[in-house]
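Here is what each chain is made of, one letter per residue.
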Amino acid sequence: MRSTSTSIGLTVLRVVLGVVFIAHGAQKLAQGMPAVAGGFASMGIPFPEIATPVVVALELVGGALLVLGVATRVVGLLLAMDMVVAGLVAHLSAGFFAQQGGFEYVLVLAAASLAVALTGPGRFSVDALVAGRRRPATAEPVAA
């Protein structure tokens, strides 16, 4: 059983990470799908018309799921992969520092997403609530 402080730490990480991804998905949505697809195409991302709604949905819905702690491990892994692709395609050539457009920021987001995928959501999540309801009741020994 995880300690309360560990679960609080995982909850803080999940919620902050989820809010960041929601903001990034909303930003792309506000720019407009055609503009984002054009940007993806200019970076050489294959099938930008398909990639754009997938990435926007992943960041918006995935971020919301992280906040709630739903499907946390899967969502964390998908968001980590999203950030690895973004780092390699859009940021690697600009160097390390985010201020110059480098991969520093997406590296942090990828690492945090992977950490959530590997550790799970903690006790304060929908995933933990659902898992607790599925756990079979402990059988009491029958007296002879």
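## Quick look at unusual backbone geometry
Positive phi, normally seen in glycine, also occurs at F47, with a value near 50°. Within the secondary structure layout, F47 lies in the loop between α2 (33–42) and α3 (48–68). Residue class for F47 comes out exposed when judged on its relative accessible area of 61%. A positive phi angle, close to 50°, is found at A71, a residue other than glycine. As for its placement among the helices and strands, A71 is situated in the loop between α3 and α4 (72–91).

## Let's talk about the packing of helix α1 (residues 4–31) against α3
At their nearest, the axes of α1 and α3 sit 7 Å apart, and the two run at 155° to each other. Classified by the angle between their axes, α1 and α3 sit roughly antiparallel to one another. Judged by the twist between their axes, the crossing of α1 over α3 is left-handed. Each of R14, V15, L17, G18, V19, F21, I22, H24, G25, A26, K28 and L29 in α1 lies in contact with α3, whose residues at this interface are V55, V56, E59, L60, G63, A64, L66, V67 and L68.

## Some thoughts on the packing of aromatic side chains
Enumeration according to the criterion identifies two aromatic pairs in this entry. Between F96 and F97, the aromatic rings sit 5.2 Å apart at their centres with planes inclined by 85°, giving edge-to-face as the arrangement. Geometrically, the ring pair formed by F96 and F103 is edge-to-face, given 5.3 Å between the ring centres and 90° between the ring planes. On the basis of relative accessible area, F96 is assigned to the partly exposed category, the value being 37%. Ring pairs connect the aromatic residues F96, F97 and F103, which therefore count as one cluster.

What counts as what
- Residues numbered from 1 in each chain as written.
- Predicted model: local features only at pLDDT ≥ 70, side-chain atom pairs only at ≥ 80, totals over all residues.
- Heavy atoms only, no water.
- Helix = DSSP H or I, 4+ residues; strand = E, 2+ residues; numbered from the N terminus.
- Buried < 20%, exposed > 50% of the residue type's maximum accessible area, 1.4 Å probe, protein only.
- Axes fitted to C-alpha atoms, helices over the stretch in contact; angles between N-to-C directions.
- Parallel < 35°, antiparallel > 145°, perpendicular 65-115°, else oblique.
- Left-handed = near helix turned anticlockwise from the far one by under 90°.
- Contact = heavy atoms within 4.5 Å.
- Phe/Tyr/Trp six-rings, centres within 6.5 Å; stacked < 30°, edge-to-face > 60°.

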